[in-house]
Amino acid sequence: MNPRRKSRLYLAIVVLIGVVLTCTLVLYALRSNIDLFYTPSEILLGKGENHEKPEVGQRLRIGGMVMPGSVKRDDKTLLVNFKVYDARGAISVTYEGILPDLFREGQGVVAQGVLGEGNVVNAREVLAKHDEKYVPPEVEDAMKVNHQGPASAYKDNDGEAGKS
């Protein structure tokens, strides 16, 4: 092989390895910053065809309705516990901080945080639904699928059926 072609081949291989390494590092860095959206039933029963459930410690966003009668506030701190439900499940959410003004029972909410033991979401941010007209497409699709049944029937974190 010609020495000039040989040097070009080595240069092309080095550039290709550099591009692959850069893409791998970028994708690895982005992986830790992705927050997947789940509904309560998707956390309990799994998401998609494979019924994949989120792992403990995984960052996620959970969306649904605040269950009436489930909001419990600590008198001495800003700690709030409440349940988010859809037609097939309910998940407990713990949040420490000031809730949005529009947060109330029976309203739509999206909580962003980390999944803890016992399917409890430790939220670091809570967003309340503020307008009836706009809903993000992923939230709207999930709400259509999961709110077809009666809202009073749900599965609790323990998997037991109950009534609100």
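These numbers come from a predicted model, not from an experiment. All chains use their own residue numbering, which begins from 1 and follows the written sequence. Local features in a predicted model are, by the rule used here, given only for residues with pLDDT of at least 70; side-chain atom pairs are given and counted only at 80 or more, and totals for whole chains, interfaces and linings are based on all residues. Only hydrogens and water are set aside when side-chain values are computed; all heavy atoms of the structure are taken into account.

Thoughts on the overall build of the protein chain
Each helix and strand counted, the protein chain has three helices and nine strands in total. In the protein chain, the succession of α and β elements from N to C terminus is α-β-α-β-β-β-β-β-β-α-β-β. The classification of residues rests on relative accessible area computed with a 1.4 Å probe and restricted to protein chains. Under 20% of the type maximum is buried, over 50% is exposed, and intermediate values are partly exposed. For the protein chain, buried positions account for 33% of its 164 residues. Of all intrachain contacts in the protein chain linking residues separated by at least 6 positions in sequence, the fraction that spans at least 24 positions is 58%. Residue-level accessible areas treat just the shown protein chains as cover; the underlying method is Shrake-Rupley with a 1.4 Å probe. Counting only carbon and sulfur atoms, one obtains 56% of the accessible surface of the protein chain, whose full area is about 10,900 Å². Starting at the N terminus, helices and strands are each numbered in turn, a helix being any DSSP run of H or I of at least four residues and a strand any DSSP run of E of at least two. Throughout, a residue-residue contact means that at least one pair of heavy atoms, one from each residue, lies within 4.5 Å.

Concerning the nonpolar core
Within this scheme, the nonpolar core is defined by two criteria: the residues are buried Ala, Val, Leu, Ile, Met, Phe, Trp, Tyr or Cys, and they are joined through side-chain atoms within 4.5 Å. I62, F82, F103 and V126 are the most contacted members of the largest nonpolar core, which has 22 residues in total. Among the secondary structure elements, those contributing two or more residues to this core are α2 (40-45), β2 (59-66), β4 (79-86), β5 (89-96), β6 (108-116) and β7 (120-128). Counting residues per element, this core draws most heavily on β7, at four residues. Aside from chain neighbours lying at most four places away, what touches V126 is F82, Y95, L99, P100, F103, V109, V110 and A111.

Quick look at the confidence of the model for the protein chain
Taken residue by residue, the protein chain gives an average pLDDT of 82. The fraction at 70 or more is 82%. Note on residues 149-154: pLDDT is under 50 here. Beyond four places in sequence and across chains, it has 19 contacts. The score called pLDDT rates the predictor's confidence residue by residue, from a low of 0 to a high of 100. With pLDDT under 50 throughout, residues 159-164 is counted as low confidence; its partners more than four residues away or in other chains account for 11 contacts.

Side note on the pairing of β6
In terms of burial, β6 is largely enclosed, as eight of its nine residues are buried. Relative to β6, β2 runs antiparallel, the two sharing seven bridges. Bridging across to β6, G64 finds its partner in V109. Two strands qualify as a pair provided DSSP detects at least 2 bridges between them. Here β6 folds back onto β7 in antiparallel fashion, the turn holding three residues, of which G118 has a positive phi close to 70°.

Remarks on the packing of aromatic side chains
Ring pairs (aromatic) are described by centroid distance and by the angle formed between their planes. Side-chain rings of Phe, Tyr and Trp (the six-membered ring for Trp) are treated as a pair once their centres are within 6.5 Å; stacked means planes under 30 degrees apart, edge-to-face means over 60, and tilted covers the remaining angles. If you walk through the whole model with that rule in mind, you get one aromatic pair. Seen from their ring centres, F82 and F103 are 4.9 Å apart, and the 65° between their planes marks the pair as edge-to-face. With F82 in strand β4 and F103 in the loop between β5 and β6, this pair connects stretches of sequence that are 21 residues apart. Judged by relative accessible area, F82 falls into the buried class, the value being 1%. For F103, a relative accessible area of 9% corresponds to the buried category. A ring has a charge above it when a Lys NZ or an Arg CZ is no more than 6 Å from the ring centre and no more than 35 degrees off the ring normal. K47 extends its terminal NZ or CZ atom over the ring of Y38, reaching a point 4.6 Å from the ring centre.

Focus on the pairing of β4
Burial analysis of β4 places six of its eight residues in the buried class, the great majority of the element. As paired strands, β2 and β4 are joined by two bridges and run antiparallel to one another. Each residue of the ladder has a partner; that of M65, found in β4, is Y85. Sheet analysis places strand β3 (residues 72-73) next to β4, joined by two bridges and oriented antiparallel. Residue pairing in the sheet places R73 in a bridge with V80 of β4. In sequence, β3 turns back onto β4 through a hairpin of five residues. By the bridge criterion, eight bridges tie β4 to β5 in an arrangement that is antiparallel. Across the sheet, Y85 pairs through a bridge with A90, a residue of β5. Here β4 folds back onto β5 in antiparallel fashion, the turn holding two residues.

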